[in-house]
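An overview of the molecular structure
The chain contents come next:
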Amino acid sequence: MRFAFSVAARFLLSSKAQTMLIILGISIGVSVQLFIGLLIQGLQEDLVNSTIGSSSQVTIVSTRDDRSIVDWEDLVKQIEESSVKPQISAISPVLESPVFITSASAVPSVLLRGFDFGAADAIYGIKDRIYQGRQPEEGEILIGKELAEDLGFSIDQSITILTAEGRTTELIISGFFDLRVASLNRSWVLGTLSTAQVVSEREGQVSGIEMQVSDVFEADSIAAGLTETLRFEGIRVDNWKDQNEQLLSGLQGQSISSLMIQVFVIIAVALGISSILVITVVQKSRQIGILKAMGVTDRTASLVFLFEGALIGIGGAVVGVLLGLGLSVAFTTFALGPDGEPVVGLYLNYGFMALSGLIAFGASVIAAVVPARRSARLTPVEVIRNG
Amino acid sequence: MDNIVELRDVNKFYGTAVQAQVLFDIDLSFEKGSFNSIIGQSGSGKSTLLNILGTLDRPTSGRVLVDGKETSSMKNTELAALRNKTIGFIFQFHYLLPEFTALENVLMPFRIGNRSVSKEVTERANELMEIVGIDQVKNNLATRMSGGQQQRTAIARALLNNPRVVLADEPTGNLDSDTSEKVFGMLREINERFGTTFVIVTHDRRIAEETDRIVEIVDGRIRMDLKK
């Protein structure tokens, strides 16, 4: 083993240019594979984040006719005691009620969402989305950007809210929010839970409980876990995956095509290594023949080329991962959107990087099998007789 | 005296579709410590004979005994170990490994046994290189030596593992007559000093006449076997 390794190392070192060329070839393959992998992962993470990152991923809704959950504190307690709690990162009770805003110019229908701002902030990041004004207190309300512009509202203005039952309430505008989705900015008005309860006369009630989970792709199994453990009448557990099937199949298609590109790049790299190493066996056949005459076994002769494959594999993997990382960093640095933010965020998935390196190494060793077998089959007489 | 290598009724054919017989019923043995030559025209089968003696090639029929051991039933791995320990080879085209220095080439047969090079072995290598007169260039790469120096390195390499027998195929074939004289003299000296058996294949009658036994091969048969 040691002898084979030292011969392999010497063979590689003695033809430096050729060795560098192979390593460069592997590196480029690995870097492209890694870059594509990281790019698609970044793209998907961005997409998932912007789609469901700031929304409820698992939601408990009422199935009762009045859309209310009365004993919701008990429900929250049950969630907190359930086995899936470690996977849930935020829990926020919400009371939604459809209302009208009466103003001089129009009477738009909006959804009054009342929640505990402390808990809801973990999901919606509302504090950062209030671009003017302050967080609402009791009797105050936040208005979305587009709605405020349409109706010409200003802060501390008093507005009248009209419920479907015909009840009116006066509320003060404490500020404006921008969730970066115009339709939500137009249709949501936000207040505290108790404000919403007062407006809709549903004291002590909520209409749902919204949750975020640590791994968004586990949302369905977490929802299933909740459905199983919660002992509560008149509720249903929804999750984003069931509600976004198209997004999911899009992501899946993207993952598969990215995987296919990566696989073919690696196959091309492996074929390249294999063909170069086969040529190396021919180049070194004199040496192999004489080594065998001196007592090198067929096994050792083949090990020489497996080690060559392993060594250039390690070199190619290390250089390739660095190069791929460089490509990704360059891409996120130079490919910027109009807002100055990278088009695709950089997500350093160390596990994936290690896997890329490992696959390159494995492919190199596997690619060396054919040359290694040729080396094992070579007989010293072939070389000696032919000079 | 015991025989170090022995061929019994050896035949060798080449080719599969059209078969050509190269060796015919060869019975030949060499005594331990002897200094022998095999002569013959090119194409007479003398190199094939040497390759079979050295277990590099297998006979089509017949038996080959090296140091009293039957080799026809041995596997390639066993043959490799046998060659490494018992036989030293010197070829016409020295066949040094160009990637290694002269000293590394000389040490090669030892390292092939996966043994780490000890001080004693290095000393022995240096001593051998001194005997063959290449201690000045021992750290040169094989490609940075003259033909004579390379051939002498190959001789030192063949002797490193203290082989029982050295098989040399035209060891002076591509050297000028002066150098060739020196190299031949060296082989003789080593034979006398270490008692190593030598079998030297040559087409040069002058060289053959300086050995103790001349075996002449003509068309795959032994035509003459002359002992002094």
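For the structure, see preceding data.
Numbering of residues begins from 1 in every chain and follows the order in which that chain's sequence is written. As they are written, the chains are lettered A onward and the ligands numbered 1 onward, keeping that order. The model is predicted, so local features are restricted to residues of pLDDT at least 70 and side-chain atom pairs to those at 80 or more, both for listing and for counting; the totals for chains, interfaces and linings are taken over all residues. Side-chain numbers here rest on the full set of heavy atoms in the structure, without hydrogens or water.

Assigned secondary structure in chain A consists of 16 helices and ten strands. For this measure, only C-alpha atoms enter the radius of gyration; the expected value for a globule follows 2.2 Å times N^0.38, where N is the number of residues. Computed over C-alpha atoms, the radius of gyration of chain A comes to 32 Å, more than 25% over the 21 Å expected from 2.2 N^0.38 for 387 residues, which places it beyond the range of a compact globule. Throughout, a contact is declared for two residues whenever any of their heavy atoms are within 4.5 Å. In chain A, of all internal contacts separated by at least 6 residues, the share reaching a separation of at least 24 is 77%. In this description, accessible areas are obtained by the Shrake-Rupley approach with a 1.4 Å probe, and a residue is regarded as covered only by the protein chains that are shown. Counting every atom, chain A has about 18100 Å² of accessible surface; 59% of that belongs to carbon and sulfur. Only four residue types enter the tally: Lys and Arg on the positive side, Asp and Glu on the negative side, with His and both chain ends excluded. Charge positions are represented by NZ for Lys, CZ for Arg, CG for Asp and CD for Glu. Here chain A contributes 27 positively and 39 negatively charged side chains, and the mean placements of these two sets differ by 22 Å. Where helices and strands are cited, they refer to DSSP runs of H or I of at least four residues and of E of at least two residues respectively, numbered from the N terminus.

This part is about a nonpolar patch on the surface. Residues and elements named next belong to chain A. Exposure above 30% relative accessible area and the lack of any salt bridge qualify a residue for a patch; like charges then connect within 9 Å, and the nonpolar side chains Val, Leu, Ile, Met, Phe, Trp and Tyr within 5 Å. Salt bridges are defined by distance alone: a side-chain nitrogen of Lys or Arg within 4 Å of a carboxyl oxygen of Asp or Glu. A cluster of nonpolar side chains, contributed by Ile256, Leu259, Met260, Val263, Phe264, Ile267 and Leu271, occupies part of the molecular surface with about 680 Å² of accessible area. Structurally, the position occupied by isoleucine 267 is in helix H11 (residues 245-283). For isoleucine 267, a relative accessible area of 40% translates into the label partly exposed. Only protein chains enter the calculation, and the probe is 1.4 Å; a residue is then buried if its accessible area is under 20% of its type maximum, exposed if over 50%, and partly exposed in between.

Okay, the packing of aromatic side chains next. Each Phe, Tyr or Trp ring, with Trp reduced to its six-membered ring, pairs with another whose centre is within 6.5 Å; inter-plane angles below 30 degrees give stacked pairs, above 60 give edge-to-face pairs, and intermediate values give tilted ones. By the definition in use, this model includes ten aromatic pairs over all chains. When the ring of phenylalanine 115 of chain A is compared with that of tyrosine 124 of chain A, the centres are 5.8 Å apart and the planes differ by 20°; the resulting orientation is stacked. As far as the burial class goes, phenylalanine 115 of chain A and tyrosine 124 of chain A line up, both buried. Since its relative accessible area comes to 5%, tyrosine 124 of chain A is described here as buried. Only when the NZ of Lys or the CZ of Arg is both within 6 Å of the ring centre and within 35 degrees of the ring normal is a charge said to sit over the ring. Arginine 124 of chain B extends its terminal NZ or CZ atom over the ring of phenylalanine 194 of chain B, reaching a point 5.9 Å from the ring centre. Over the ring of phenylalanine 24 of chain B we find arginine 221 of chain B, and its NZ or CZ is 3.9 Å from the ring centre.

Attention now goes to the interface of chain A and chain B. At the interface, 26 residues of chain A touch 26 residues of chain B. A buried area of about 2400 Å², summed over both sides, lies between chain A and chain B, and 63% of it is on carbon and sulfur atoms. Two parts placed together each lose some accessible area under a 1.4 Å probe, and the buried area is that loss summed for both. It is Phe3, Arg10 and Met294 of chain A in chain A that bury the most area against chain B; as a group they hold 26% of the surface buried on that side. The tally of links from chain A across to chain B stands at two salt bridges. N or O atoms within 3.5 Å of each other form a polar contact, as long as, within protein, one can give a hydrogen and the other can take it, and as long as residues adjacent in sequence are counted only when both atoms are side-chain atoms. For the pair chain A and chain B, the number of links is nine residue pairs in polar contact (both at pLDDT 80 or more). Contributions of two or more residues to the side of chain A that touches chain B are made by helix H1 (2-14), helix H12 (285-293) and helix H16 (380-385) of chain A. Tallying contributions element by element places H1 of chain A first for the side of chain A that touches chain B, with seven residues. Residues are sorted three ways: Asp, Glu, Lys and Arg are charged, Ala, Val, Leu, Ile, Met, Phe, Trp, Tyr, Cys and Pro are nonpolar, and all the rest, Gly among them, are polar. Counted by class, the side of chain A that touches chain B contains 13 nonpolar, six polar and seven charged residues.

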